[in-house]
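So you can see what is in the structure, the chains are spelled out below.
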Amino acid sequence: RIAALLRIRRAEVEREHRIAADRLVDVERRLHLIEKENHMSQVEIVEKSLPDVRVAARRVVVADQSEVAAVVGPAFDAVAEIIGEECGALTTPIAQYATLEDGLEVIAGYAYNGPVRDGFEVIDLPAADAAVCGIHLGSMDHIAESWQAIHAEIFARGLVHSGPCRELYVRAVSENQSDWVTELQ
């Protein structure tokens, strides 16, 4: 009986260790960003609730954050190819990122109330009573700095990050991304 209990406890400690190791990697990445730029991004940050959103999306799991850029754009493009002719179907692009044990789950698509079709999933993103949010202006090349500022503010407010992160693309029109407006949630 004691051996069985110890095996269960060992599995719990191993899981806690994996989570802590993932957090350490994230802290190291953020520290590297601060040291590289020698400053943090200035982002106005607010706390607000988020509504639930039904999206037509593609879901992909990547091994780490360095692979995100390579999958987000193509996921949006694939869904847009299917629903693009529907009036208003492409007005609210959303990406959600959730840490899993085996990587990062990326959901990229559009708020959608139309019929289910082949080529995408219909996914309900749940509401959040409280989310720390900020606006990122411009290119996605520097979005990590804005996320860094939001995470720092979460810790400064004594809060704990719990749940997936979302990006709501308020304006994402130009090819060079200079005029993009992205709400980080």
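This text gives an overview of the structure that appears in the document. (Residues numbered from 1 in each chain as written. Predicted model: local features only at pLDDT ≥ 70, side-chain atom pairs only at ≥ 80, totals over all residues. Heavy atoms only, no water.)

**Focus: the overall build of the protein**
1) Next: From N to C terminus, the protein includes 3 helices and 8 strands.
2) Next: For the protein, the sequential pattern of α-helices and β-strands runs α-β-β-α-β-β-β-β-α-β-β.
3) Next: Dimensions of the protein, computed from C-alpha atoms along their principal axes, come out at roughly 65 × 45 × 30 Å.
4) Next: Burial status across the protein gives 38% buried among its 185 residues. (Helix = DSSP H or I, 4+ residues; strand = E, 2+ residues; numbered from the N terminus. Buried < 20%, exposed > 50% of the residue type's maximum accessible area, 1.4 Å probe, protein only.)

**Section: the pattern of salt bridges**
1) Next: What the rule picks out here adds up to 10 salt bridges.
2) Next: In this structure, the salt-bridge partner of R9 is E12, at a minimum N-O distance of 3.2 Å. Of this pair, R9 and E12 both sit in helix α1 (residues 2-37), 3 residues apart, which is roughly one turn of that helix.
3) Next: Between R59 and E121 there is a salt bridge, with the nearest N and O atoms lying 3.0 Å from each other. Of this pair, R59 sits in strand β2 (residues 53-62) while E121 is found in strand β5 (residues 121-125), placing the two residues 62 residues apart along the sequence.
4) Next: Under the relative-accessibility criterion, R59 is labelled partly exposed at 37%.
5) Next: Classification of E121 as partly exposed rests on a relative accessible area of 34%. (Salt bridge = Lys/Arg side-chain N within 4 Å of Asp/Glu carboxyl O.)

**With respect to the packing of aromatic side chains**
1) Next: Under the criterion given, the structure shown has 4 aromatic pairs.
2) Next: Each residue in the set F76, Y110, Y169 and W180 is aromatic and connected to the rest through ring pairs, giving one cluster. (Phe/Tyr/Trp six-rings, centres within 6.5 Å; stacked < 30°, edge-to-face > 60°.)

**Focus: the sheet that holds strand β4 (residues 103-111)**
1) Next: In space, the 8 strands of this open sheet follow the order β1-β6-β8-β7-β3-β4-β2-β5, with antiparallel pairing throughout. The sheet terminates laterally at β1 (45-50) and β5, the two strands that pair on one side only. Between one strand and the next, the sheet's axes are offset by a mean angle of 35°, whatever the strand orientation.
2) Next: Strand direction decides the pairing type here: strand β6 (residues 128-137) and strand β8 (residues 181-184), joined by 4 bridges, are antiparallel. Bridge pairing links G134 to L184 in β8.
3) Next: Those strands touched by helix α3 (residues 143-156) are β1, β6, β7 (165-171) and β8, and its axis lies near 140° from that of β6. (Pairing = 2+ DSSP bridges. Axes fitted to C-alpha atoms, helices over the stretch in contact; angles between N-to-C directions. Contact = heavy atoms within 4.5 Å.)

**Some points on the side chain of Q96**
1) Next: For Q96, the location among the structural elements is in strand β3 (residues 93-100).
2) Next: Judged by its relative accessible area of 7%, Q96 is buried.
3) Next: Polar side-chain contacts of Q96 include one of 3.4 Å to the side chain of R166.
4) Next: If sequence neighbours within four positions are ignored, Q96 has contacts with E105, V106, I107, L125, P164, C165 and R166. (Polar contact = N/O pair within 3.5 Å; in protein donor to acceptor, adjacent residues only side chain to side chain.)

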